[in-house]
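# Fold and geometry: a report
Here are the chains, one letter per residue:
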Amino acid sequence: MGQHNEIAEKLAQLLDCVLRQSSGPMAFPDSASRDASAQAQLLYERWMCKPEWSLRAEGIPLLIGIAPDAWETLRASGACGTLEHELWASVRDAVITEGKPRVINPESREEDWRCAPSDLYQWARASGVPIPEPFEALMQFIQRVVQRPAASSPDALCREPNPSARNDAPGIREKVLGAALNVLAKCPDQCYDQHGLVSGEKITKLIAAQSTRWFDTKEPPMRTGEMAELIDKWLE
């Protein structure tokens with residue numbers, strides 16, 4: 001438990017350091033700022049569909065709401081760089097001594113270690129690390145709303161539920177499921193039917209109403225019935 005508290009404390013110190021120093025492009029889930037909240041939502045939508053993250057270069061910044069694209073510059077600064085090195089040493093020790101967060105490629109160099117987003121999330125929660133709100137919301141959607149065993153990891157939402165399906169291009173399915181994830185995370189109250197169940201039809205209507213946001217076309221690339229069926233497959 002002592003090591004867990006130490007990691008949570010070091011993450012908090014690192015975030016505080018970055019907030020004080022940075023003027024770069026980051027996304028912080030600050031509920032007081034709509035722009036920051038929207039940026040954070042987009043940040044996690046982008047990254048949650050990836051099957052694995054670099055533990056140090058992507059996982060750690062995402063745990064504190066920072067875009068990995070901006071992370072190298074931020075951790076190169078003096079004070080923040082020192083804190084990041086100290087934090088990484090603690091995370092590395094946790095991997096070696098406890099096996100958590102679970103690393104996909106433990107035989108690789110430590111700098112190349114990769115982990116599944118769901119494994120990092122579970123470890124962070126167990127370690128007492130405050131999870132950024134959009135990260136929490138999207139992970140809860142994946143773990144609680146999508147009940148299929150195949151959806152036990154975030155990237156499952158971006159995969160085809162039926163590999164033998166022929167009619168839908170994989171890129172389109174991914175975009176539709178990503179849009180569904182976004183809609184359910186942002187306006188869950190509008191996604192349930194009269195029986196209190198999440199409805200693919202309801203989600204599809206919300207997606208179609210904002211088609212240009214995800215597909216750059218006025219009409220979605222799939223028919224509404226097909227979209228609803230695809231989404232419902234992941235909600236069974």
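Structure shown above.
Attention in this report is confined to the structure presented alongside it. (Residues numbered from 1 in each chain as written. Predicted model: local features only at pLDDT ≥ 70, side-chain atom pairs only at ≥ 80, totals over all residues. Heavy atoms only, no water.)

Here Ile-66 is to be found in the loop between helix H3 (55-63) and helix H4 (68-75). When the C-alpha positions of Ile-66 and Pro-132 are compared, they lie 9.9 Å apart, and in sequence the two are 66 residues distant. (Helix = DSSP H or I, 4+ residues; strand = E, 2+ residues; numbered from the N terminus.)

Next up on the list: the state of the cysteines. Within the structure shown, the criterion is met by 1 disulfide. Residue Cys-17 pairs covalently with Cys-80 via a disulfide, S to S 2.2 Å. Handedness here is read from the sign of the S-S torsion; for Cys-17 and Cys-80, about -105°, the answer is left-handed. Of this pair, Cys-17 sits in helix H1 (residues 2-21) while Cys-80 sits in helix H5 (residues 78-98), and the two are 63 residues apart along the sequence. A single burial state applies to Cys-17 and to Cys-80, both of which are buried. Counting only cysteine sulfurs, Cys-187 is the nearest neighbor of Cys-191, a cysteine outside any disulfide, at a range of 4.9 Å. Judged by its relative accessible area of 0%, Cys-191 is buried. (Disulfide = S-S within 2.5 Å. Buried < 20%, exposed > 50% of the residue type's maximum accessible area, 1.4 Å probe, protein only.)

Our next topic: the pattern of salt bridges. This structure, assessed with the given rule, holds 13 salt bridges. For Arg-102, the salt bridge identified is with Asp-119, shortest N-O distance 3.1 Å. Here Asp-119 lies in helix H6 (residues 117-126) and Arg-102 lies in the loop between H5 and strand E2 (114-115), a separation of 17 residues in the sequence. Judged by its relative accessible area of 47%, Arg-102 is partly exposed. (Salt bridge = Lys/Arg side-chain N within 4 Å of Asp/Glu carboxyl O.)

Functional significance is not addressed by these values, which are geometric in nature.
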